[in-house]
Amino acid sequence: MDIGIDKIGFYTPNVYVDMEKLAEVRGVDPAKYTIGIGQEKMAIAPLYHDSVSLAANAALSILDDEDREKIDFVLFGSESGVDHSKSGAVWVHHLTGIQNEARCVELKHACYGATAGIKMAMGHVALNPDKKVLVLGADIAKYGLNTGGEPTQGAGAVAMVISQNPRILSLDNDSAPLTRNISDFWRPLHSDVPVVDGKFSNEAYLGMLKDVWKAYSKKTQRELSDFEAMCFHLPYTKMGKKAIQAITEEVDESETKRFMESYHSSIFYNKQVGNVYTGSLYLSLLSLLEQAPEFKEDARIGLFSYGSGAVGEFFSGVLKPDYKKFLKKDAHESVLDDRRELSIEEYETILQQSLPKNGDDIDIDNEQVNVGKAYLSSIKGNVRNYTVK
Ligand code: HMG
């Protein structure tokens, strides 16, 4: 059965920080952030956006009434969940008006959660061919002021509808997963920000990429020449360049050059948003599909998902004819272009704000332009209240 991505949309908050200005204030050469890390802008989530409202906005941008009737499974991948018990999927299911005879679950493993969602969705559609699954990857990547990870923060969500006979990308069912119990990046229960060994995390990512690529290639007999382009989990966009260099190190340099051509399209959105953890790989895929010239029919795209701690997977998909017709390039460019730049002072204030940790009620100021269709408006009696405009 042909199963894959039928629709894909994304959302990021309406405010961002300019990386050159952040570098100046931090006393760093701006080229370190823009070239060394590869980020131009960094999305910041004010209190009116959490992983649920970000995911709801991404989903609202793609769902129609037929999807709302046929979706019977909502899978919410996130490492910035808003409750220890209730899944973000239940809120998104409610905020987007999906019919009630559905299952809703939250999935966690660092940046790998949405990929786990896709794998589960494929199995569900194989057993229930008339049903569709909504897979979400929604996160706020926050390391804190003046930390090593500060220039690799970000916020946003990607939503995908997985169905049979998809109109964008058919997913191959022959991927190569790998799990390694390591401590490169994690967030202890007591902490709002992760503990990270930056250099080790880069090495762990690249080591896992090489291993899953070898395993995938052995299993499928496919070689680099079978791929038109590659998309990677992008904690920062320079990582994509390192990833291409890593998997092409044993082949002719012309292969590196070939993949570097599409790399620029695959980082176009990510370099304006930053790390969105679970959504990052899929934001890169969306960027590639919307920003690169149309690929030929049946072009195969390679995908590498990495979640620290660590779970990785190399998988692939084949583009459908006319896939460009089913993308929302103009709407996605507007989400990015209609944002407001924060001064560094405003950014520092927002980053230090948090919702009450003692159960107090709060009304959240959201009287700003472009806050999205869905946002967090208050917490009363420990219940989160979202508004959908
Ligand atoms: P750092 O120590 O600030 O930076 O850490 P650096 O000194 O390594 O420099 C970064 C790059 O900038 C280097 O290039 C420098 O040469 C270059 P590279 O050697 O890497 O190619 N550079 C310059 N380039 C141009 N002009 C200049 C200049 N100066 C320096 N003037 C680090 C960087 C990414 C480690 C840090 O920001 C960090 O810890 N980030 C968070 C962790 C992270 O993103 N890890 C990525 C892999 S793990 C992962 O992807 C999973 C994750 O998404 C979480 C999850 O799974 O949930 C993070």
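None of the values given here were measured: they were computed from a predicted structure. Residue numbering note: each chain is counted from 1, following its sequence as written. Local features in this predicted model are restricted to residues of pLDDT 70 or higher, and side-chain atom pairs are both shown and tallied only at a pLDDT of 80 or more, whereas totals for entire chains, interfaces and linings draw on every residue. Processing note: side-chain calculations cover all non-hydrogen atoms of the structure and skip hydrogens and water entirely.

A. Looking closely at helix α7 (residues 198-220). Along its 23 residues, α7 runs 33 Å from first to last C-alpha, staying within 8% of the 33 Å computed at 1.5 Å per residue. Only protein chains enter the area calculation, which uses a 1.4 Å probe; residues under 20% of their type maximum are buried, those over 50% are exposed, and those in between are partly exposed. Secondary structure elements follow DSSP: runs of H or I of four or more residues count as helices, runs of E of two or more count as strands, with numbering from the N terminus. Residues S201, N202, A204, Y205, L206, M208, L209, V212, W213, Y216, S217 and T220 constitute the buried set of α7. Any pair of residues with heavy atoms lying within 4.5 Å of one another is described as a contacting pair. Check the buried side of α7 and you find it contacts β9 (176-179), β11 (195-196), β12 (229-232), α8 (238-247), β13 (300-307) and β14 (311-319). One or two positions beyond α7, positive phi appears at Q221, with a value near 65 degrees. A helix's residues, less one, multiplied by 1.5 Å, set its expected span.

B. Main features of the nonpolar core. As used here, the term nonpolar core means buried Ala, Val, Leu, Ile, Met, Phe, Trp, Tyr and Cys residues forming a set that is joined through side-chain atoms within 4.5 Å. Residues I8, M160, I162, L169 and Y282 are the most contacted members of the largest nonpolar core, which totals 43 residues. Examining the composition of this core, we find that 7 residues originate from one element, helix α10 (residues 280-291), more than from any other. Excluding residues that lie within four positions of it along the chain, M160 makes contacts with I5, K7, I8, I62, I118, V133, L134, V135 and Y282. Ranked by size, the runner-up nonpolar core spans 42 residues in total, among them A23, I37, I247 and Y347.

C. Representation of the pattern of salt bridges in the model. For this document, the term salt bridge refers to a Lys or Arg side-chain nitrogen within 4 Å of an Asp or Glu carboxyl oxygen. Overall, the coordinates contain 26 salt bridges when judged by the stated rule. Put simply, R384 and D50 hold a salt bridge, and the shortest N to O gap is 2.6 Å. Residue R384 is found in strand β18 (residues 383-388), and its partner D50 is found in the loop between β3 (41-43) and α3 (51-60); the two are separated by 334 residues along the sequence. Just as R384 is buried, D50 falls in that class too. The salt bridge partner of R258 is E255, with a shortest N-O separation of 2.8 Å. Placement of the pair is R258 and E255 together in helix α9 (residues 253-266), with a separation of 3 residues, close to one helical turn. One connected set of salt bridges, linked through shared partners, spans K7, D64, E66, D67, K70 and K132.

D. Quick peek at the site of the ligand. Contacts to the ligand come from 30 residues, most closely from E79, C111, G148, K199 and K242. Within the side chain of H233, an N or O atom sits 2.8 Å from an oxygen atom of the ligand. Two N or O atoms count as a polar contact when they lie within 3.5 Å, although within protein this holds only if one can serve as hydrogen donor and the other as acceptor, and sequence-adjacent residues are included solely when both atoms are side-chain atoms. One of the backbone N or O atoms of S308 is found 2.8 Å from an oxygen atom in the ligand. If you list the elements that add at least two residues to the shell around the ligand, you get α2 (30-37), α7, α8 and β13. The greatest single-element share of the shell around the ligand, amounting to 5 residues, is contributed by α7. Residues are counted as near a molecule or strand when any one of their heavy atoms sits within 4 Å of it.

E. Quick peek at the packing of helix α1 (residues 19-26) against helix α12 (residues 344-352). Angles run from 0 to 180 degrees between N-to-C directions of axes, and those axes are lines fitted to C-alpha atoms, restricted for helices to the stretch in contact. Axis separation between α1 and α12 bottoms out at 10 Å; the angle between their running directions is 85 degrees. One way to sum up the angle between α1 and α12 is to call them roughly perpendicular. Residues K21, L22, V25 and R26 of α1 pack against I344, Y347 and E348 of α12. Polar here means any residue other than Ala, Val, Leu, Ile, Met, Phe, Trp, Tyr, Cys and Pro, which are nonpolar, and Asp, Glu, Lys and Arg, which are charged; Gly is therefore polar. Per-class residue counts for the contact of α1 with α12 are 4 nonpolar, no polar and 3 charged. Oblique is the label for any angle not under 35 degrees, not over 145, and not in the 65 to 115 range, which are roughly parallel, roughly antiparallel and roughly perpendicular in turn.

F. Local environment of the packing of aromatic side chains. Any two of the Phe, Tyr and Trp rings considered here, Trp counted by its six-membered ring, make a pair once their centres fall within 6.5 Å; the pair's planes then place it as stacked at under 30 degrees, edge-to-face at over 60, or tilted in between. A full pass over the atoms with the stated rule returns 14 aromatic pairs. Ring geometry for W213 and F314: centres 5.1 Å apart, planes at 65 degrees, overall edge-to-face. Placement of W213 in helix α7 and of F314 in strand β14 is noted, with a sequence separation of 101 residues between them. Here F227 and F314 contribute two aromatic rings whose centre-to-centre distance is 6.0 Å and whose plane-to-plane angle is 85 degrees, an arrangement assigned as edge-to-face.

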